Structures are given as C-alpha cells and as structure tokens.
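Structural overview
Spelled out from the first residue to the last, the chains are:
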Amino acid sequence: MYTLCDNPLLKVTASVTGGRIKIEASGILARAPGVASALAMVDGSIPVYAGERLYISTWIPPIPSRAFDRFVRSRLLSSLGKRTPDQITISITEECPNRCKHCALPDSGEHLRLEPHEVKRIIDQALDLGSTLIIFDGGEPAIYKELPELVSYVDDRAVATMFTSGAGFTRRLAAEIKEAGIQAINVSLDSPREREHDEIRGRKGAYRDAMNAIRYAIDSGILVDLYVVLRHDNISQLREFHELAREMGTHELTFFEVVPTGRCSNATDLILDAEDLAALERFTENAPPPRIFSVPSTIKSFGCFAGRSWMHITPSGDVYPCACYPTSYGNVLQESLGKIWKRMATFPHKGMRACPIRLKGAPKNL
C-alpha cells in the first residue's frame, strides 16, 4: 500500500493488483472535479514500476518521496488557482549531430549553451518556486560533459530526467547519471523502422544510437520512456511503436503530437486531424504494458499545461511557456525566474483543451 496524500481534507492510497493501480480516496477534496479527474486517470492504469516505491509514470516523482509530496501540494494548490511550475525543461546546449525535420528549437549555429553555474542557479530558483521535475534537454544533452554534475545538483525536492536521441549516450554516461540520481531518460523516436527514423533525423545511425541508449539505461537501472512525436504520416504505426517499446523493455511509451513550429512551421500536412486523434485514443484505452502516456489525450482532459505548470528555458536563457511555444517572457540570465513566472500568468492559452500552436500556428516573440 502506498500513501499518495494524507491530510484532513484528502486521503489517498494506492495498491497494485494484477499489474494495475487501484486508488482509494476519501475526504472533501476527493470530490473536487480537478482532484477526482486526476485520481480517475491513475486508477486502473499500468504503473511504470512498483516495488519499495511506486512509480506511476516516468513524468512523476516516486511514492513515497519528498518530491512527490511537493507535487501533490502543488496540484492541490492548482485546484485553488495557484500556479506552480511543476515541470521545467532546461535546454543546456543547442549542439546536436541530428537535423530533425520537426525540431522545435533548431541549432542557430552560434554554439549556444548554458554554463554549469548558470544551470545550477536556474535549478535553485526552480526548486524555490516549487518545481518537482527538472528535465535536461538540448540540442543533445548527452554531449554536455558536465551533465552528471548537473543531475547530482538536483536535490530531493525534485527528480531529474533527460531527453536524448541516443547520440553521445554511452554505457559510461548511463552509469554516471544513475550514480548522480537521475530518475529516467526519454529516448526520442520518430519511426519504429530504422531507415525512416534515420531519414527524419537527418543522420544515418540515429536509430541504432536510440536503441543503444535504451539498453545502456536499462542495464544501469534507469527508467526509460520511449518518446514518440506523432505525425499524420506515422499515426498508422502506433502498434509498431508499442511492440518495439515492449520488446526493448522500456517502462513507458509517450505519444506527443507534432507542432507546427521551428523546422516544422510550414508542415501543416503533418498535423494530426480529428480522425488521427480518435485513433490514438482508441489505441491507448486498452493497450497492454508498457504504460502509455498520451499527451494529446491528457491535454484534452486537463487543458494545456504551458505557462500553467510547464516552463521551458533555452540555451540563451530565454524562458518560454513550453518548448513548442516560442514566445519569450523574459531571460533568466537577466532577471529572476520567479519574476518571469509571475509575468507568464498573462499567457493567453492556459488550460486550452488543445495545443494552441496546432490550432493557430507559431506566434512571434513578444
């Protein structure tokens, strides 16, 4: 039995039976719409891992942990209208050997990167704001030599994860970041077929690197999420993606939807239509392990998290509501993250039931 929340207004426990999570909840807040919806989403779902700790998802701190207690508190405060940047993505470098067709933040050619002391200052501020998930991104963060040092800097108020294409992700790096305390890696994949994936990534060997990263991470005891950007031309491969995730032993499979921004700004033909999204929902409803996290379905249920509980920081220090909405609300190298987060309250699309860029196109900077 795992305790998710225990206070006079809300008591929630979870158990795992038959490979599924069973939620028991009581208290006044258990009937609050936002809380009830969140608990219903977890109840009956497949856990990422259940042992001494319960990992509901690679995107959530484990239970029990100080980070999860903070996460629960921020979600309860959210139901009262208080915003907390639970999830902060820090693009520590724009360097990357890939040239992905859908990259939201393509390489400027200026070799931009945040120095370790700058990243640590950002982490300090993020933790003080209540963040519980610090994600290292790029570019390709695996080629940032101080990555293990940054992972270890994230204290128990949050968990650290990272995105990787697999480029530069070695067995030695897996061991180092595991020792540093990383919770999970998100391995990006555009096609379950090697030739197609390499073609989209603009580099031969990209698929092989991704598969190796999965193996190295699992061998080191790191949770692995296979992260897929769905497009109109690969939505038919849902089952292949899921079978590959199962065969590789990944703990979770995340489906994101392509957003017309960055290099993909004009590729409106790749956007998922209503039929595509319906197919995604049908597939994820009764899929067996591994666990599936569908971002489009979650946004449909809970609204867009950009500027509400998500925040993204670029290698130049610019702060966006999310990585796909390239409107800067300030620069963290010039002013405090708290001040920028407060300013981000004016973000006009908070809670929108679909990705605002997918519907409206990429905006210009403020």
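Let us now look at the sheet that holds strand 9 (residues 184–189). An order of 12-11-10-9-8-7-6-13-14 is seen for the nine strands of this open sheet, with the pairing classed as mixed. At either end of the open sheet lies a strand with only one pairing partner, and these are strand 12 (291–294) and strand 14 (319–320).

Core analysis: the largest hydrophobic core is formed by 88 residues, its most contacted members being Phe136, Phe169, Ile177, Ile185 and Phe255. The greatest single-element share of this core, amounting to seven residues, is contributed by helix 7 (residues 206–219). Counting residues in hydrophobic clusters, the runner-up holds 21 residues, among them Leu4, Ile56, Phe68 and Val72.

This paragraph deals with the environment of Val48. Here Val48 shows up in the loop between helix 1 (33–42) and strand 4 (49–50). Overall, Val48 belongs to the buried group, its relative accessible area being 9%. Counting along the chain gives 121 residues from Val48 to Phe169, while the straight-line C-alpha distance between them is 22 Å. Each residue touching Val48, except ones within four places of it in the same chain, is listed here: Tyr55, Ile56, Ser57, Thr58, Leu223, His251, Glu252 and Arg291.

The subject of this paragraph is the pattern of salt bridges. In the structure shown here, the tally under the stated rule is 20 salt bridges. A salt bridge links Arg66 to Asp156; the shortest N-O distance between them is 2.9 Å. Of this pair, Arg66 sits in helix 2 (residues 66–78) while Asp156 is found in the loop between helix 4 (147–153) and strand 8 (159–164), placing the two residues 90 residues apart along the sequence. By relative accessible area, which is 46% here, Arg66 ends up partly exposed. Since its relative accessible area comes to 46%, Asp156 is described here as partly exposed. Notably, a salt bridge pairs Glu335 with Arg343, separated by 2.9 Å at the nearest N-O pair. Its relative accessible area of 31% is what places Arg343 among the partly exposed residues. Overlapping salt bridges bring together Arg113, Glu115, Lys145 and Glu146 as one network.

Glancing now at the pairing of strand 13 (residues 310–313). Because side chains alternate across strand 13, one face comprises the buried residues Trp310 and His312, and the other comprises Met311 and Ile313, equally buried. Where strand 6 (residues 87–91) meets strand 13, four bridges bridge the pair, whose relative direction is parallel. The partner of Gln87 across the bridge, within strand 13, is Trp310. With two bridges connecting them, strand 13 and strand 14 associate as antiparallel partners. Residue pairing for strand 14: His312 is matched across the bridge by Tyr320. Linking two consecutive strands that pair antiparallel, namely strand 13 and strand 14, is a turn of five residues; a positive phi of about 95 degrees is found at Gly317 within it.

Working note: α-helix, 3.6 residues per turn, so residues spaced by three or four point in the same direction. With twelve residues, helix 9 (residues 274–285) should cover 16 Å at 1.5 Å per step; its first-to-last C-alpha distance of 17 Å lies within 8% of that length. For helix 9, the full list of buried residues reads Asp276, Leu280 and Phe283. Burial along helix 9 is one-sided: seen end-on, the buried residues are contained in an arc of 70 degrees. The outward face of helix 9, more than 90 degrees from its buried face, is lined by the exposed residues Ala274, Glu275, Arg282 and Glu285. Buried residues in helix 9 make contact with strand 10 (223–230), helix 8 (238–248), strand 11 (252–257), strand 12 and helix 10 (295–302). Near the N-terminus of helix 9, the side chain that reaches the backbone nitrogen of Glu275, with its oxygen 3.1 Å away, is that of Asp273.

What counts, and at which threshold
Residues numbered from 1 in each chain as written. Predicted model: local features only at pLDDT ≥ 70, side-chain atom pairs only at ≥ 80, totals over all residues. Heavy atoms only, no water. Pairing = 2+ DSSP bridges. Helix = DSSP H or I, 4+ residues; strand = E, 2+ residues; numbered from the N terminus. Core = buried A, V, L, I, M, F, W, Y, C linked by side-chain atoms within 4.5 Å. Buried < 20%, exposed > 50% of the residue type's maximum accessible area, 1.4 Å probe, protein only. Contact = heavy atoms within 4.5 Å. Salt bridge = Lys/Arg side-chain N within 4 Å of Asp/Glu carboxyl O. Expected span 1.5 Å × (residues − 1). Arc of directions from axis to C-beta. Polar contact = N/O pair within 3.5 Å; in protein donor to acceptor, adjacent residues only side chain to side chain.

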